[in-house]
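Remarks on the overall topology
Listed here are the chains, written in short residue letters.
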Amino acid sequence: MANIDRGKLSAMEPSGDELVFFVNGRKILERNAEPEMTLLTYLRRKLGLTGTKLGCAEGGCGACTVMVSKFHRHQNRTVHHSVNACLAPLCSLHHCAVTTVEGIGSVASKLHPVQERIAKAHGSQCGFCTPGIVMSMYSLLRNNPQPKMQDVEEAFQGNLCRCTGYRPILEGYKTFTKEGGCCGGRGKANGCCMTNGNATNGNSTNGHKEDHINGNSTISIQPLYDPSEFMPLDPTQEVIFPPELMNICKQSPKELRFKGERVMWIQPSSLTELLELKARYPDAKLVVGNTEVGIEMKFKNLLYPVILAPAYIPELNDIQHTEDGIVFGASCTLTLLGDVLRTAVAKLPSHQTEVFKAVLEQLRWFAGLQIRNVAAIGGNIMTASPISDLNPVFMAASCKLTLLSKGGTRVVEMDGSFFPGYRKTVLKPEEILLSIEIPYTKKGQYFSAFKQSPRREDDISIVTCGMNVVFQESSNIVEDLQLSYGGMAPTTVLAKATSKKLIGRPWNEGLLEDACVSLAEEMALAPSVPGGMVTYRRTLTISLFFKFYLTVQHQLARDGVLLEDVRPDYSSATEIFHAETPSSVQVYQTVPPGQSADDVIGRPVMHLSALKQATGEAIYCDDIPCFENELHLALVTSTKAHAHITSIDTAEALAIPGVVTFVSYKDIRGSNMTGPVLYDETVLAEDTVTCVGHIVGAVVADTQAHAQRAAKAVRISYEEMKSVVTIQDAIESQSFFQPVRTIKKGDVAQGFKESDHVLQGEIHIGGQEHFYLETNCTLAIPRGEDGEMELFVSTQSATKTQALVAKALGVPANRIVCRVKRMGGGFGGKESRSTLLSTVVALAAQKVKRPVRCMLDRDEDMLVTGGRHPFFGRYKVGYMNSGKVKAVEVTFYSNAGNSMDLSLSIMERALFHMENSYNIPHMCGTGYLCKTNLPSNTAFRGFGGPQGMMVAESWMSDVALACGMPSEEVRRLNLYKEGDLTPFNQCLEQFTIDRCWKECLEISNYHQRKADVEKFNKQHRWTKRGLCIVPTKFGISFTAVFLNQAGALAHIYTDGSVLLTHGGTEMGQGLHTKMVQVASRTLGIPSSKIHITETSTNTVPNTSPTAASASSDLNGMAVHNACQTLMQRLGPYKAKNPTGTWEDWVRAAYFDRVNLSANGFYKTPDLGYDFDSNSGRPFNYFSYGVACSEVEVDCLTGSHKNVHTSIVMDVGKSLNPALDIGQVEGGFMQGVGLFTLEELRYSPQGYLFTRGPGMYKIPAFGDIPTELSVALLRDAPNERAIFSSKAVGEPPLFLAASVFYAIKEAIAAARTESGLSGPFRLDSPATPDRIRNACEDRFTKLCPPAKPGTFTPWAVQV
Ligand SMILES: Cc1cc2nc3c(=O)[nH]c(=O)nc-3n(C[C@H](O)[C@H](O)[C@H](O)COP(=O)(O)OP(=O)(O)OC[C@H]3O[C@@H](n4cnc5c(N)ncnc54)[C@H](O)[C@@H]3O)c2cc1C
Ligand code: FES
Ligand code: FES
């Protein structure tokens, strides 16, 4: 064996051992465990347990959460942990018990309370995140049957949901907590307290009719669900750890080897064995949690032929308390580290545990719980990441590390030399890290750690640091100072020069002054440094030191060393952020007394699939069982933004085992030109690529892993051409799609003349990734006859899919059937861009004549499919001293990307919303579509409307700032009134904004709140609050008139059951639930008799996409129409037998040979707008809403907290208040993401950096407002839609602008402290770096930005 290559596998290696583990109580023996396979793939593909979902493959979304239970032989105890199955290597599960969502309950057998409560509390919309959330909660309850709300919030740090806005999930699960009041079935002699009606829910409404009193108003509140229906939780009924496994675990371990295609996994049984192996395979990777190595292998394409798994070696899990501190074995997980340190902090004197507290503070914001449960302390150190959150603390604390090899032991200090370079440590190849000692602190020593990231929860750092100061005894003279920063260099670094200057100095303003100047010099960054945000990162190093300075000053005062404590108005800068448990109120109008119990219109009926979603039984596209001869597809995409393809070499790819073929444009029998409106893009690139991510071809192979490996092995040579990436590039090179649209009303020039003042401004609104939890997926099955093909697709546009596939395959549309059961979210992203994938998969299936499947990985989906259009708005506003706006001229530029897609309609909608809800006498808007070398941007909830309105609010905010008037007054002064005409000459009828506005002021307690904010701002220098109220008006209808049609088909079977189909697709919004409600009322039968299986092109043809918020309106009318036809046909039988049942009438009609199948159709009347004459009605009606938000901004870091939001939304007479409130809250939170958090980052060359939840942050549980009130406007029936309802999908999204402009108000308050007043530019999203940079102060002045044009930035604003 001595001559084996370092780390290479040899044919002489013994064959693999047997992997033994349990899944849902069933023993699994796997003789061919593949080291590269994750637990998730094994569950889904080998065991058919598809309840566990794949959302990202990088530990960032929690959709794959399962519970892993282990028996610890040495501690003689079993532990249960939530774990990300997408990162857990299959081989790491030897002797573990895995519990998946299927293992805890099912609709078919018995639900688990965790499943029941999320569903009944309306916490599941599309349901794709639901199994993961269920398993996070389940794991928590296994360890702690009656947790606190704080524990629940911690358990969900690693879970994302894109639909619900999180509030209903937290409310539903609050019932398990101490605060939620559920006794867990123990508290009452006759069962759970919930069934006795004694539960209290804080401010929440659930379960009880309450009077909610706010200001002077009293609002009667109805619950959206009844917790007394909930099954009690009985912890004694949980699945036990398999006794057989317990016995197996008690036996002595032996070395295990699992040999795969490319990798060998070795689990040594002892430390000696591990050191032997490391000596033999010095390049081998040690894998504990795999949270770093897993990412490297999956996303960086790295291969480690030998993996050593030391997780079970006792010495590496040892924890020892020594005289100097606590020594942790390198394999100790971060969860364990936290537990031990928390105990120590509770037990030991405070001055001894300063470092421990700092580590705990870092752990609070370190990843999600699923990651912390498996990730090891050694893994974090040895990854040597420059943004590690623990290394700066360890370095500032001078922790000692024990290194071990076969040759011996050495102890090194973690100092400036431990990391010699990017991702390098001083360890020799044959060495391992045995342990780390975290030291106690002593009296006169103070320690802090700070982490700043875009999102507070589960996010990687922008800058992170550990700061350690030791004072000479009983004095404020610095004896030693260590300032360690992450995020400021390729390694964690010490600010040595600054520390040196400060040693021997007293802790006073002079020291602070010099420290800031010195840090600004020492922590310099090149303007084009990777990660960007240069000014912000540099300012942070100083701002965080300032926080440390104040914190220490406070502690010195507390300890009697300093006489003067921190100024009261500065003290909030020393406070550590503590999340408060959110509370909420939902208000809606109940059904009128006397409405039949069977009539479910207007009732908060649960989403019809919610229970199945919560148990994992709901089937999504990729959950369809594999066909025996099925193949998998992986896309090959361009790495250049604009280039000629000079050659494609597939030789290496085709040689990979299992690969069947490469599909290129040459395989297309029909047409290669595609697109939803214009055929201006290719299915597969021919000789030119026009964006990074342009699909060039696809590899088809026996497994997804082989297909993806081969796709990466396809070599494409390019000849690069000049590319246009940003809107500014496009303006410079006049690269626009045609036409340029304009809407004009009045005489703008005259309006400016008549105005007291004219101001000009600009705002850039960044794009947004849809981040539907279920990525695009298609399964294509060629039927072998006449070119027939059946497609299962996750799409909002079954008809468009059918048409574009038929076009590419060269067959008529009648050979293609497209079927959509449900989507795991769509939000517009699957309206047109889903056809990119479905067409390629269909082509591949046609070529290989076998079923072909592809579900895109998250990074592929984000790269290829485009998102919301970034917009740039430039405006000129004429206004009076009173704040009344007279004239506005606005020019919009959208970044359309490399093809037209839906960009024109999106720009039109931006123009239709350019005045938001304000009556502007003279207004002119022009919209340019920038043609760039980015993936084509597309529909996204709001469809250009939010961007148009956002620009309007920007000029409204500028006018208020310029006039020095409260923004609420200026906005209200300019609001429309009933009967006003919009710039496109549509009369506003049944205008309800004034009512929404008034009610919103009331429920938010606006005026009191405003006074409180002003008082707060006077008392706090470094923390500012902002408050803002914003209206929205959203036009309902497709602006392409022909799309405003819908069809439905209803069959009554002879047993009385009804099968309903309609043209809309279910993506979580509850469309099918509403359609069943409509059919139920029209047919006069309980909804339980009605079923919708799917949407398909062979039942209802020529459907419009499920989009524009209009699907309930359109399909609802079509369903109503079909059901009315059936009712007419049944009429005679009802008349003949008035006391008969539904079944009697159906049977009688059948025997009388009556057609019990009817289709329905609807087209919206009176629509049609002409841009040239600015006449006609573009919209059937408008949905209205108003929101008021309050935020708190940390001026030193730019972080903000959403303190309060009140929303009043006019949804007409709600068809289903639970679903509608779900849309309001979900849409609002998606807007919060758009305007405050989500940032797509592109290189100047058009390469997208943000391709997964690791870098692209959507709102998490912790981002919801601490107080959230949602009221559906009462007594507002809408004559123009089904049963007087209104559309709700898109309109509420824009209300999140209230958060953005509240932030802007807070920044304005901060700027006044620096003597700045008047309008200032704030681009969207209001990320911490933008907020911090806008809060100009003496620290920002030390870090001026480099002059634009003198460097190439890392990322550009596209
Ligand atoms: C979703 C997500 C969120 C994250 N969030 C954060 C965060 O907030 N802050 C942060 O700092 N990091 C974060 N990380 C990074 C990562 O989780 C941590 O670095 C973690 O501690 C790595 O531990 P592990 O056991 O999973 O490492 P592994 O992937 O198993 O190993 C990592 C590296 O350490 C080496 N190694 C492990 N043990 C030893 C040993 N005993 N001796 C020598 N080498 C060893 C391995 O060979 C490998 O090179 C995140 C990762 C993910 C996926
Ligand atoms: S799929 Fe595992 S965390 Fe997203
Ligand atoms: S319900 Fe959570 S992602 Fe859709």
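In this text, all values refer to a predicted model and were calculated from it rather than measured experimentally.

**Examining the overall build of the protein chain**
Counting secondary structure elements, the protein chain contains 38 helices and 49 strands. Taken against the 2.2 N^0.38 rule, which gives 34 Å for 1358 residues, the C-alpha radius of gyration of the protein chain at 31 Å falls within 12% of a compact globule. Considering only C-alpha atoms, the protein chain reaches an extent of 95 × 80 × 75 Å along its principal axes. With 1358 residues in all, the protein chain has 65% of them scored as buried. Considering only contacts in the protein chain between residues 6 or more positions apart, those separated by 24 or more positions represent 77%. Per element, the accessible surface of the protein chain, about 46,500 Å² overall, is 51% carbon and sulfur.

**So, the UniProt feature "binding site: [2Fe-2S] cluster 1" (unreviewed entry) in the protein chain**
Per the UniProt record, "binding site: [2Fe-2S] cluster 1" (unreviewed entry) is annotated on Cys56, Cys61, Cys64 and Cys86. Annotated residues spanning 31 residues; largest pairwise C-alpha distance 10.1 Å, indicating a single compact cluster. Structurally, the position occupied by Cys61 is in the loop between helix 1 (39–46) and strand 3 (65–72). Assessed through its relative accessible area of 1%, Cys61 is described here as buried. When neighbours within four sequence positions are excluded, Cys61 is seen to be in contact with Gly55, Cys56, Gly158, Asn159, Leu160, Leu773 and Pro1253. Assignment of secondary structure puts Cys86 in the loop between strand 4 (77–84) and strand 5 (96–99). With sequence-adjacent residues up to four places away left out, Cys86 is seen in contact with Thr38, Leu40, Leu54, Ala57, Glu58, Gly59 and Cys64.

**Concerning the side chain of Glu769**
Here Glu769 is to be found in the loop between strand 31 (757–765) and strand 32 (777–782). Summary of buried charges: Glu769 has no salt-bridge partner, and the nearest side chain of opposite charge, Arg858, is 4.5 Å away. Within the structure, the side chain of Glu769 is placed 3.1 Å from the backbone nitrogen of Phe771, a separation counted as a polar contact. Every residue in contact with Glu769, bar those within four places of it in the chain, is listed here: Arg162, Arg858, Asp861, Met862, Gly866, Phe940, Glu1238, Leu1240 and Tyr1256.

**Considering empty space enclosed by the protein**
Per the counting criterion, the structure on display carries 9 cavities of 30 Å³ or more. Every element with two or more residues in the lining of the largest cavity is listed here: strand 3 and strand 5. At 3 residues, the largest contribution of residues to the lining of the largest cavity is made by strand 5. Looking at the lining of the largest cavity residue by residue, the class counts come to 8 nonpolar, 5 polar and 1 charged. Looking at the second largest cavity, its volume works out to about 70 Å³. Every residue along the wall of the second largest cavity is listed here: Phe1038, Gln1045, Ala1046, Gly1047, Gly1063, Thr1103, Ser1104, Pro1105, Thr1106, Ser1111, Leu1114 and Asn1115. Residue assignment for the lining of the second largest cavity shows that the elements contributing at least two residues are strand 40 (1045–1052) and helix 33 (1111–1136).

**Overview of the side chain of Asn391**
Its place among the elements puts Asn391 in helix 15 (residues 391–396). The contacts of Asn391, once residues within four sequence positions are left out, are Asn380, Ile381, Ala384, Ser385, Met414, Phe419 and Thr492.

**Structural notes on the pattern of salt bridges**
Under the counting rule described, the total for this entry stands at 71 salt bridges. Of the charged contacts, one joins Asp459 and Lys1257 as a salt bridge, the two residues approaching to 3.5 Å between their closest N and O atoms. With Asp459 in the loop between strand 17 (445–452) and strand 18 (463–471) and Lys1257 in the loop between helix 35 (1217–1236) and strand 49 (1267–1272), this residue pair connects regions lying 798 residues apart in the sequence. For Lys1257, a relative accessible area of 5% gives the class buried. Note that Lys547 and Asp1194 form a salt bridge whose closest N and O atoms lie 2.7 Å from each other. Of this pair, Lys547 sits in helix 18 (residues 534–558) while Asp1194 is found in strand 47 (residues 1181–1194), placing the two residues 647 residues apart along the sequence. Linked through salt bridges whose partners overlap, the residues forming this network are Arg44, Arg45, Lys53, Asp622, Asp623, Glu630 and Arg853.

**Points about the site of ligand 1**
Neighbouring ligand 1 are 31 residues; Lys285, Leu286, Val288, Thr291 and Asp389 lie closest to it. One of the backbone N or O atoms of Val293 is found 2.8 Å from an oxygen atom in ligand 1. In isolation ligand 1 has 980 Å² of accessible area, and contact with the protein removes 93% of it. Listed by contribution, the elements that provide at least two residues to the shell around ligand 1 are strand 10 (285–286), helix 14 (377–383) and strand 16 (432–439). When residues in the shell around ligand 1 are grouped by element, the largest group, 4 residues, is from helix 14.

**Section: the nonpolar core**
With 264 residues, the main nonpolar core has Tyr173, Leu633, Trp955 and Trp1142 as its most contacted residues. Apart from residues lying up to four places away in sequence, Tyr173 is in contact with Val114, Arg117, Ile118, Ile133, Val134, Met137, Val152 and Phe156. If you look at the next biggest cluster of nonpolar residues, it comprises 93 residues, including Val83, Cys86, Leu271 and Ala397.

**With respect to the sheet that holds strand 47**
One open sheet accounts for 5 strands, arranged 21-49-48-47-39; its pairing is mixed. At either margin of the open sheet sits one strand with a lone partner, and together these are strand 21 (583–587) and strand 39 (1023–1036). With strand direction ignored, the average angle separating the axes of adjacent strands in the sheet is 10°. Pairing between strand 39 and strand 47: 14 bridges, direction antiparallel. Directly across from Lys1033, in strand 47, lies its bridge partner Tyr1184.

**A look at the environment of Asn937**
By the element assignment, Asn937 lies in the loop between strand 38 (922–931) and helix 28 (945–963). The spacing of Asn937 and Gly675 is 262 residues in sequence and 12 Å in space, taken between C-alpha atoms. Apart from the residues within four sequence positions on either side, Asn937 is in contact with Gly866, Gly867, Arg868, His869, Pro870, Asn895, Ala896, Gly897, Asp901 and Ser903. In terms of polar contacts, Asn937 uses its side chain to reach the backbone carbonyl oxygen of Asn895, at 2.9 Å.

**Topic: the environment of Leu856**
Among the structural elements, Leu856 can be located in the loop between strand 35 (852–855) and helix 26 (858–864). Leu856 gets classed as buried once you look at its relative accessible area, which sits at 2%. In this structure the C-alpha to C-alpha distance between Leu856 and Cys56, which are 800 residues apart in sequence, comes to 9.8 Å. Non-local contacts of Leu856, meaning those with residues more than four positions away in its chain, are made with Leu635, Thr775, Asn776, Leu837, Asp861 and Thr865.

**Digging into helix 17 (residues 509–522)**
For helix 17, which comprises 14 residues, the first-to-last C-alpha distance of 20 Å matches the rise-based estimate of 20 Å (1.5 Å per residue) to within 8%. Looking at helix 17, one finds that the buried residues are Leu511, Leu512, Ala515, Cys516, Ser518, Leu519 and Ala520. The inward-facing, buried residues of helix 17 contact strand 19 (478–486), helix 16 (496–502), helix 18 and helix 38 (1338–1341).

**Overview of the sheet that holds strand 36 (residues 871–879)**
Taken in spatial order, the 5 strands line up as 30-38-37-36-31 in an open sheet, and their pairing is mixed. Edge strands, defined here as strands with exactly one partner in the open sheet, are strand 30 (736–745) and strand 31. Within the sheet, the average angular offset between the axes of one strand and its neighbour, ignoring direction, is 10°. Relative to strand 37 (residues 885–897), strand 36 runs antiparallel, the two sharing 9 bridges. Each bridged residue has a counterpart across the sheet, and for Val877 the counterpart in strand 37 is Val888. The strands that helix 27 (residues 903–912) touches are strand 30, strand 36, strand 37 and strand 38; relative to strand 38, the one it contacts most, it runs at about 160°.

**Focus on the state of the cysteines**
All told, the structure shown has 0 disulfides when counted by the stated rule. With no disulfide of its own, Cys96 lies 7.5 Å from the sulfur of Cys249, the closest cysteine sulfur.

**Side note on the packing of aromatic side chains**
If you walk through the whole model with that rule in mind, you get 44 aromatic pairs. Between Phe912 and Tyr1169, the aromatic rings sit 5.1 Å apart at their centres with planes inclined by 80°, giving edge-to-face as the arrangement. Taken together, the positions of Phe912 in helix 27 and Tyr1169 in strand 45 (residues 1168–1170) put the pair 257 residues apart, joining distant regions of the chain. Neither Phe912 nor Tyr1169 differs from the other in exposure class; each is buried. Ring pairing ties together the aromatic residues Phe912, Tyr976, Phe984, Phe991, Tyr1169, Phe1171, Phe1179, Phe1182 and Tyr1184, which thus form one cluster. The ring of Phe1171 carries Arg741 above its face, with NZ or CZ at 4.4 Å from the centroid. The side chain of Arg1025 reaches across the aromatic face of Phe1016, ending 4.2 Å from its centre.

Rules behind the numbers
- Residues numbered from 1 in each chain as written.
- Chains lettered and ligands numbered in written order.
- Predicted model: local features only at pLDDT ≥ 70, side-chain atom pairs only at ≥ 80, totals over all residues.
- Heavy atoms only, no water.
- Helix = DSSP H or I, 4+ residues; strand = E, 2+ residues; numbered from the N terminus.
- Rg over C-alpha atoms; globule rule 2.2 N^0.38 Å.
- Buried < 20%, exposed > 50% of the residue type's maximum accessible area, 1.4 Å probe, protein only.
- Contact = heavy atoms within 4.5 Å.
- Areas by Shrake-Rupley, 256 points an atom, 1.4 Å probe, with all protein chains shown as cover.
- UniProt positions renumbered as here; feature names shortened; annotations may be inferred.
- Lys, Arg positive; Asp, Glu negative; His and termini not counted.
- Salt bridge = Lys/Arg side-chain N within 4 Å of Asp/Glu carboxyl O.
- Polar contact = N/O pair within 3.5 Å; in protein donor to acceptor, adjacent residues only side chain to side chain.
- 1 Å grid on protein atoms, 1.4 Å probe; cavity = no way out; pocket = protein on both sides within 12 Å on 5 of 7 lines; lining within 4 Å.
- Points joined across faces, edges and corners; volume = space filled by probe spheres on them.
- Nonpolar A, V, L, I, M, F, W, Y, C, P; charged D, E, K, R; others polar.
- Near = heavy atom within 4 Å.
- Core = buried A, V, L, I, M, F, W, Y, C linked by side-chain atoms within 4.5 Å.
- Pairing = 2+ DSSP bridges.
- Axes fitted to C-alpha atoms, helices over the stretch in contact; angles between N-to-C directions.
- Expected span 1.5 Å × (residues − 1).
- Disulfide = S-S within 2.5 Å.
- Phe/Tyr/Trp six-rings, centres within 6.5 Å; stacked < 30°, edge-to-face > 60°.
- Lys NZ or Arg CZ within 6 Å of the ring centre and 35° of its normal.

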